[in-house]
Amino acid sequence: MKKQDKRGKTGAEREMEAGTDQERREEELKEILSYYSSMTSPSSQENIVSMMQEIQELYGWISAEHKEMAAEAAGVKLSVIDCIMKLYKSLKPAPYRHRMTFCTGKKLSQGRPKSPGHSKKRTWD
């Protein structure tokens, strides 16, 4: 079974609706904002969080422009959106990238290895 979003559309259906990636994103953003603004209680925290999660899924993060658009769609002040984003740490206000480095050498508990060959480092982006 294909995964559907809250509006009942699959990824393939969303892909066919618009041409380029940027146009598709803009069209999808308009659809998300329209959907949530037409709800009976667009300003409820649950609906705002769902809307923000969909926007983040679309762009990978939530820009200041997207926060303003979401606030307008929900009929709330921008400060409400900011508070919700602080409360829900999974909502990212910037396109963060993290680099994690782990040392997997045998002598880590005894301090620094004597030579670089004793330690293996792995890095993920």
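Here the structure is a predicted model, which is why all the values come from computation and not from measurement.

J.: Tell me about the packing of helix α2 (residues 21-37) against helix α4 (residues 64-74), residues and numbers included.
T.: Between α2 and α4, whose axes approach to 9 Å, the crossing angle comes to 30 degrees. If you check the angle between α2 and α4, you find them roughly parallel. As for the relative orientation of α2 and α4, their crossing is right-handed in sense. Across the interface between the two elements, Leu-29, Leu-33 and Ser-37 from α2 touch His-66, Met-69, Ala-70 and Ala-73 from α4. When its residues are assigned to classes, the contact of α2 with α4 shows five nonpolar, two polar and no charged.

J.: Describe in detail the packing of aromatic side chains, supporting the description with residues and values.
T.: Applying the stated rule across the entire model yields one aromatic pair. Between Tyr-35 and Tyr-36, the aromatic rings sit 5.0 Å apart at their centres with planes inclined by 90 degrees, giving edge-to-face as the arrangement. Note on Tyr-35: relative accessible area 28%, which makes it partly exposed. Assessed through its relative accessible area of 2%, Tyr-36 is described here as buried.

J.: An account of the pattern of salt bridges is needed here, citing residue identities and associated values.
T.: Per the stated rule, a full pass over the model turns up three salt bridges. A salt bridge links Arg-25 to Asp-21, with the shortest nitrogen-to-oxygen separation between them at 3.7 Å. With Arg-25 and Asp-21 both in helix α2 and four residues apart, the pair spans about one turn of that helix. Looking at Arg-25, the relative accessible area reads 24%, which means it is partly exposed. For the salt bridge of Asp-82 with Lys-67, the shortest nitrogen-to-oxygen distance reads 2.9 Å. Of this pair, Asp-82 sits in helix α5 (residues 78-87) while Lys-67 sits in helix α4, and the two are 15 residues apart along the sequence. You can call Asp-82 partly exposed: its relative accessible area is 26%. Among the ionic contacts, a cluster of salt bridges with common partners joins Asp-21, Arg-24 and Arg-25.

J.: Can you explain the nonpolar core? Please cite residues and give values.
T.: Ranked by size, the top nonpolar core spans 20 residues in total, and within it Met-51, Met-52, Ile-55 and Ile-81 carry the most contacts. Looking at this core, the elements that each hand over two or more residues are α2, α3 (45-59), α4 and α5. Ranked by residues supplied to this core, first place goes to α3 with seven residues.

J.: Which residues make up α5, and what values do they have?
T.: Restricting attention to buried positions, one finds in α5 the residues Ile-81, Ile-84 and Met-85. Taken around the axis of α5, the buried residues stretch over an arc of 100 degrees, which confines them to a single face. Exposed positions of α5 whose direction lies more than 90 degrees from the buried face are Cys-83, Lys-86 and Leu-87.

J.: Describe in detail the environment of Ala-71, supporting the description with residues and values.
T.: Following the sequence through the fold, Ala-71 ends up in helix α4. Placed 10 residues apart in sequence, Ala-71 and Ile-81 show a C-alpha to C-alpha distance of 6.3 Å. Excluding anything up to four places from it in sequence, Ala-71 contacts Val-76, Lys-77, Leu-78 and Ile-81.

So, how was this worked out
- Residues numbered from 1 in each chain as written.
- Predicted model: local features only at pLDDT ≥ 70, side-chain atom pairs only at ≥ 80, totals over all residues.
- Heavy atoms only, no water.
- Axes fitted to C-alpha atoms, helices over the stretch in contact; angles between N-to-C directions.
- Helix = DSSP H or I, 4+ residues; strand = E, 2+ residues; numbered from the N terminus.
- Parallel < 35°, antiparallel > 145°, perpendicular 65-115°, else oblique.
- Left-handed = near helix turned anticlockwise from the far one by under 90°.
- Contact = heavy atoms within 4.5 Å.
- Nonpolar A, V, L, I, M, F, W, Y, C, P; charged D, E, K, R; others polar.
- Phe/Tyr/Trp six-rings, centres within 6.5 Å; stacked < 30°, edge-to-face > 60°.
- Buried < 20%, exposed > 50% of the residue type's maximum accessible area, 1.4 Å probe, protein only.
- Salt bridge = Lys/Arg side-chain N within 4 Å of Asp/Glu carboxyl O.
- Core = buried A, V, L, I, M, F, W, Y, C linked by side-chain atoms within 4.5 Å.
- Arc of directions from axis to C-beta.

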